[in-house]
Amino acid sequence: MGLELYLDLLSQPCRSIYIFARTNNIPFEFKHVELFKDSVLGAKPAAGSGAEQPRAGASNSEGAGKVSLLKKVPALKDGDFTLAECTAILLYLCRKYSTPDHWYPSDIQKRAKVDEYISWHQANMRANAPKTMWLKVLIPLFTGQPQPSEKLQEVMDGLFASLKHFEERFLQDKAFIIGNEISLADLVAVVELMQPVGVGCDVFEDRPRLLEWRRRVEDAVGRELFFQAHEMILNVKELRNIQIDPQLKEHLAPVFMKMLK
């Protein structure tokens, strides 16, 4: 049995794994899991070359639950071996497939800088960037409530503070986070920042240094692959017109309502 990756490309950790595997020509079977199965995520990304393209169906959703004890994506299955959590999966792929050193350098200090960013990322970038999609798309979709502007402003204020810190501390005047070549840190960062872009909050606007860094990342992984991986998130506002299954809506609406408090 070959490598299987259970992913939903609306998820930024899933996109980082997808881009990394495709960039490094890692052979895998794409198991498309719909986070809001059969109701919200009906659109599929356009077919591309390389790995098998996403396909919907209950088998993949159920399979992900069996692969990951945490019952969430991303999840990896390699023969009898299973693994969850984005960072763990990225590092496993680095090591198993001996990917180029710049992704996770053998130099102990450069590697520590990648670790430093990824640790900081979880409590900073990731604390706010995903909430833009919740507030602008998912909460109105599931609750019928209008977008809470004061909550969105609170989220954007936190995100802008993180972006300032990112530029001044991590990026500085370098091409990439740890120097002249792309690393896992850059990939984890850029997919996170595409989440607000997809819902109309362009965090790269009026930030030329940040925009130039994003373009370098796009070039490093390949612009066609980058935008193919982000096709769903860049069209996420189309979800506003989708009819939600009543049972799913009843189940998830209370969860989203709690986010407004």
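Being a predicted model, the structure only gives us computed values, none of them experimental.

Peer 1: Any chance you could explain the overall build of the protein here in plain terms?
Peer 2: The helix and strand tally for the protein stands at 12 helices and 4 strands. Burial analysis of the protein (261 residues in total) assigns 53% to the buried set.

Peer 1: Help me out: how do you make sense of unusual backbone geometry in this one?
Peer 2: Most of the time, phi is negative for any residue but glycine, and the peptide bond is trans. We note that N25 has phi near 55°; this positive angle belongs to a residue other than glycine. Mapped onto the fold, N25 is located in the loop between α1 (12-23) and β2 (29-32). For D206, which is not glycine, the phi dihedral falls at a positive 65°. Structurally, D206 is set in the loop between α8 (184-198) and α9 (208-221).

Peer 1: When you look at the sheet that holds β2 in this model, what are you seeing that I'm missing?
Peer 2: By way of backbone hydrogen bonds, the strands of a sheet pair with one another, either parallel or antiparallel. Overall, mixed pairing links the 4 strands, which are arranged β2-β1-β3-β4 in an open sheet. Looking at strand neighbours, the two that pair on one side only are β2 and β4 (81-84), the edges of this open sheet. Sheet twist, expressed as the mean angle between neighbouring strand axes with direction ignored, is 20°. Where strand β3 (residues 75-78) lies against β4, 4 bridges are found, and the strand directions are antiparallel. The residue of β4 that forms the bridge with D78 is F81. Where α1 meets the sheet, it contacts β1 (3-7) and β2, and its direction lies at approximately 145° from that of β1. Sitting on the sheet, helix α3 (residues 86-96) is in contact with β1, β3 and β4, with an inclination near 135° to β4.

Peer 1: Can you help me understand the side chain of T99 in this one?
Peer 2: Considering the arrangement of structural elements, one finds T99 in the loop between α3 and α4 (108-123). The contact partners of T99, leaving out residues within four places of it in the chain, are F20, N24, I26, L93 and C94.

Peer 1: Please clarify how the nonpolar core should be interpreted in this entry.
Peer 2: Most often, soluble globular proteins have nonpolar side chains that are buried together. Counting residues in hydrophobic clusters, the biggest one holds 80 residues, and the most contacted among them are F20, Y117, F166, I177, L184, L193 and W213. Of the residues forming this core, the biggest block, 10 residues, is contributed by α8. Structurally, this core is a two-domain feature, drawing no fewer than three residues from each of domain 1 (3-101) and domain 2 (104-260).

Peer 1: Could you clarify how one ought to interpret the packing of aromatic side chains in this entry?
Peer 2: Aromatic rings in a pair are described by how distant their centres are and how their planes are angled relative to each other. Applying the stated criterion to the full structure yields 11 aromatic pairs. A ring pair is formed by Y18 and F30, whose centres lie 5.3 Å apart and whose planes are at 65°; its orientation type is edge-to-face. With Y18 in helix α1 and F30 in strand β2, this pair connects stretches of sequence that are 12 residues apart. Y18 sits in the buried class, given a relative accessible area of 0%. Judged by its relative accessible area of 0%, F30 falls in the buried class.

Peer 1: Would you explain α8 in this entry?
Peer 2: Each α-helix winds once per 3.6 residues, and so residues spaced three or four apart point in a common direction. Taking 1.5 Å of rise per residue, the 15 residues of α8 would be expected to cover 21 Å, and the 22 Å separating its terminal C-alpha atoms lies within 8% of that figure. Extensive coverage of α8 is indicated by the burial of 15 of its 15 residues. After α8 finishes, the residue G200 shows a positive phi value of roughly 90°.

Peer 1: Whenever I open this one, helix α6 (residues 131-143) confuses me. Can you help?
Peer 2: Taking 1.5 Å per residue, 13 residues should reach 18 Å; α6 reaches only 15 Å between its end C-alpha atoms and comes up short. In α6, a bend of some 35° at V137 exceeds every other bend along the element, and P140, a proline, comes one to four places later. Most of α6 is tucked away, with 10 of its 13 residues classed as buried. For α6, the complete set of buried residues consists of T132, M133, L135, K136, V137, L138, I139, L141, F142 and T143. After α6 finishes, the residue G144 shows a positive phi value of roughly 75°.

Peer 1: Even after reading the chapter, I still don't get the pairing of β2, so can you show me in this structure?
Peer 2: In summary, the side chains of a regular strand alternate between the two faces of the sheet. With 4 bridges connecting them, β1 and β2 associate as parallel partners. The partner of Y6 across the bridge, within β2, is K31. Regarding topology, α1 serves as the crossover connection from β1 to the parallel β2, and that connection is right-handed.

Peer 1: Looking at this structure, I do not really get the pattern of salt bridges. What am I missing?
Peer 2: Note that side chains of opposite charge can pair when their charged atoms are close. Within this structure, the stated rule accounts for 9 salt bridges. Residues E168 and K164 are paired through a salt bridge, measuring 2.9 Å at the closest nitrogen-oxygen approach. Within this pair, E168 and its partner K164 are both found in helix α7 (residues 149-171), separated by 4 residues, close to a single helical turn. Here E168 falls in the partly exposed class, since its relative accessible area comes to 46%. Note that R223 and E218 form a salt bridge whose closest N and O atoms lie 2.4 Å from each other. The exposure class of E218 is buried, given its relative accessible area of 2%.

Here is what the cut-offs are and how they apply
- Residues numbered from 1 in each chain as written.
- Predicted model: local features only at pLDDT ≥ 70, side-chain atom pairs only at ≥ 80, totals over all residues.
- Heavy atoms only, no water.
- Helix = DSSP H or I, 4+ residues; strand = E, 2+ residues; numbered from the N terminus.
- Buried < 20%, exposed > 50% of the residue type's maximum accessible area, 1.4 Å probe, protein only.
- Pairing = 2+ DSSP bridges.
- Axes fitted to C-alpha atoms, helices over the stretch in contact; angles between N-to-C directions.
- Contact = heavy atoms within 4.5 Å.
- Core = buried A, V, L, I, M, F, W, Y, C linked by side-chain atoms within 4.5 Å.
- Domains from an automatic or database assignment.
- Phe/Tyr/Trp six-rings, centres within 6.5 Å; stacked < 30°, edge-to-face > 60°.
- Expected span 1.5 Å × (residues − 1).
- Bend = angle between axes of the 7 residues up to and from the residue.
- Right-handed = clockwise from strand over helix to strand, strands pointing away.
- Salt bridge = Lys/Arg side-chain N within 4 Å of Asp/Glu carboxyl O.

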